[in-house]
Every structure is written in C-alpha cells, then in structure tokens.
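Report on the structure
Chain by chain, the residues:
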Amino acid sequence: MEKLPRLPRMAAIHDLSGLGKCSLTVALPIVSVTGVECCCIPTALLSTHTGGFTDWTFTDLSGDIVPIAEHWHELGVGFDAIYSGYLASETQGKLLERAIELLRGENTLVIVDPAMADNGRYYANLGGEMTECFRRLIKKADIITPNMTEACFLTGMEYRPGVHDEAYVAELIDRLSELGPSFVAITGVSTESGRVGIVARDNRSGKMCSVMNKTLDGMFHGSGDVFASAFAALLTQGAPLEDALNTAEEFVTAAIERTAARGTPREYGLDFEGVLPDYIDACRKLFK
Ligand code: PXL
C-alpha cells in the first residue's frame, strides 16, 4: 500500500447522552466517517438529553475534563481541532477554557458550538449564566456555530422567530464577530418564508455565504449537533469554508428528511445513519 498522509485528529468535548442522538453520539460517528480521528472528552453522562424527555439521569464528569486534557498534553499528542458543544454548567466552561489551553497548538482549529438554547429559550436547567460563559469561551474560538436563539442571547439582540431580514442577520454576525471568532455560521436562519438554512461569514476575507433549504414542520432535535459535527470535521480535513458549509448542510437536510419520512419521534434525534453513505461519497469528492 502507498504511504498515507497523517490522520487529522480532533478533541471532541461534549456530554454523552445515551438516548436521543446529540453531542458525542453524533460527533463520534460523523467525525470518524469524515476521516478524522475523534478523541472524546465526555463532560457528563446522561440517560437522555434534556429536551423533550423528563427524569433523565445525570452524572457530572467535570472533574475529568482537565485531567484528561493534561494526560493528552503530557503524551505530547497534537490536535488539528478542538470541537465543543453543550455544557452542563458555567463551571464546565471554565474547565473547557483550561482544556483548550492545554490541547491547542499553533495551527489547531477551535470550533465552539454554544449549544445552550433554542426557540427563544434556554435548555432545561440552564440560564443567563451560560451566555456569559460562552461569551468568554468564544474568545478562544476560531469558528462558532450558534443557532438564531443563541446568536441573540450572545449579542443581546432581540430574538425573532419569523422571516429574518438581511440587515438583522448582518448585525447579528457583526456583533458575534466582535466577540473574536474569525468565522461565524448562524443556523436556523430564514431569509424567506418556507426556507431555512445557514448564513456564514469569513471575517478574514469578509466573504459571506449562505445555504437555504425548504423547511419541514417543527423542530428536529439534534440537528444543530449533526450540522456542527460535519462542519467541524470537514474543516479539520481541510475543506474550504464554502464547501464545508454546503456539504454539512446537505447532509443535515437529508437526515432531517429521513427522520420526517420515518416518523421518528423528534426527541430521538436525527436518523442520520441512512445518509452516511451519501455523505461519505460527498467527502470523497471533496478530498480526492
Ligand atoms: O443538542 C444539544 C444538547 C446536548 N446535550 C444535552 C442536551 C442538549 C439539548 O437539549 O440536553 C444534554
């Protein structure tokens, strides 16, 4: 066999919710099929995620976040990317900041998905303290992927569920950019009735790009995590931003359609498994 290039490596720092696909149960398979090694730091262990379920179990693994990062640091392992999402508390945000310091190298891409809210509301048991927490964390990020609600909370702008005019979205991106990231991608943007998608800007070049698709009724739990995992992994593989955006969006849209067609309960998360082969084909074309 010919000599192969080095395998890109990502540290994925998220909770592990056993049922209801999100966080690590989404990041691990998607990052792996993108051809990126996924090293996991589980921040908490839950029986289910906290949206649409009740009485979930919760084991806090905060105490392991920094020791795991320290161990990897001592081993001298390099990371091409660090990707984080949902945090169970403000304390976890501070520990994550330390983990990023330990694991980051000169060329490490830091992707922070400030997963804390949706549809104008914080997730269960979270509140305004998480906005402050993510504002601090975002200072360390190269790329952020908030949804509309999170973008509004982070910037203090009014949350509007409906059709979003260009000036409103542009102001959200401007204000998020002031927090420090060089690339901002906002999910759940609807620039015309019946269509929803992602608007992004590369602050180094000033280039804006967006991708829209027709909306399906209601909310699909875990879709933000599916998008962010694919997007983060594609960028770690070296895909140009626009290609990463389009490929990740196409993947999440196909997974949403499949979930709707099967009638999977929304809280169970996206049926992305069946569209992984198409996603892998798309990755092959990008990285051939
Ligand atoms: O998908 C975001 C998410 C991740 N992890 C947990 C959650 C949620 C959203 O509700 O509860 C535990």
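Below is a summary of the structure that appears in this document. (Residues numbered from 1 in each chain as written. Predicted model: local features only at pLDDT ≥ 70, side-chain atom pairs only at ≥ 80, totals over all residues. Heavy atoms only, no water.)

Let's shift gears to the site of the ligand. Within the structure, the ligand sits among Asp15, Ser17, Cys22, Ser23, Leu46, His49, Thr50, Gly51, Tyr86, Tyr123, His221 and Asp225. Here a nitrogen atom of the ligand and a side-chain polar atom of Asp15 are 2.9 Å apart. One nitrogen or oxygen atom from the side chain of Ser23 is found 3.1 Å from a nitrogen atom belonging to the ligand. In isolation the ligand has 310 Å² of accessible area, and contact with the protein removes 99% of it. For the shell around the ligand, a count of residues per class yields 4 nonpolar, 6 polar and 2 charged. (Near = heavy atom within 4 Å. Polar contact = N/O pair within 3.5 Å; in protein donor to acceptor, adjacent residues only side chain to side chain. Areas by Shrake-Rupley, 256 points an atom, 1.4 Å probe, with all protein chains shown as cover. Nonpolar A, V, L, I, M, F, W, Y, C, P; charged D, E, K, R; others polar.)

Moving on, we get to the pattern of salt bridges. A side chain with one charge can pair with a side chain of the opposite charge if their charged atoms come near. This model, assessed by the stated rule, comprises 19 salt bridges. Of the charged contacts in the structure, one is a salt bridge between Asp202 and Arg204, with a shortest N-O distance of 3.1 Å. Looking at Asp202, the relative accessible area reads 11%, which means it is buried. Arg204 gets classed as exposed once you look at its relative accessible area, which sits at 63%. Members of the salt-bridge network, linked through shared partners, are Lys21, Arg262, Asp271 and Glu273. (Salt bridge = Lys/Arg side-chain N within 4 Å of Asp/Glu carboxyl O. Buried < 20%, exposed > 50% of the residue type's maximum accessible area, 1.4 Å probe, protein only.)

With respect to the secondary-structure elements, Thr108 resides in the loop between α3 (90–103) and β5 (109–112). A polar atom in the side chain of Thr108 sits 2.7 Å from the backbone oxygen of Phe79. In this structure the side chain of Thr108 is engaged in a polar contact, spanning 2.7 Å, whose partner is the backbone nitrogen of Gly105. Here Thr108 is in contact with Phe79, Asp80, Ala81, Ile82, Leu103 and Asp142, once residues within four sequence places are set aside. (Helix = DSSP H or I, 4+ residues; strand = E, 2+ residues; numbered from the N terminus. Contact = heavy atoms within 4.5 Å.)

Here we take up the nonpolar core. With 48 residues, the main nonpolar core has Leu103, Val112, Met116, Phe134, Leu172, Leu176 and Ile186 as its most contacted residues. Each residue touching Phe134, except ones within four places of it in the same chain, is listed here: Gly85, Leu87, Val112, Asp113, Pro114, Ala115, Met116 and Leu154. Core analysis: the second largest hydrophobic core is formed by 44 residues, Ala12, Phe220, Ala228 and Leu235 among them. (Core = buried A, V, L, I, M, F, W, Y, C linked by side-chain atoms within 4.5 Å.)

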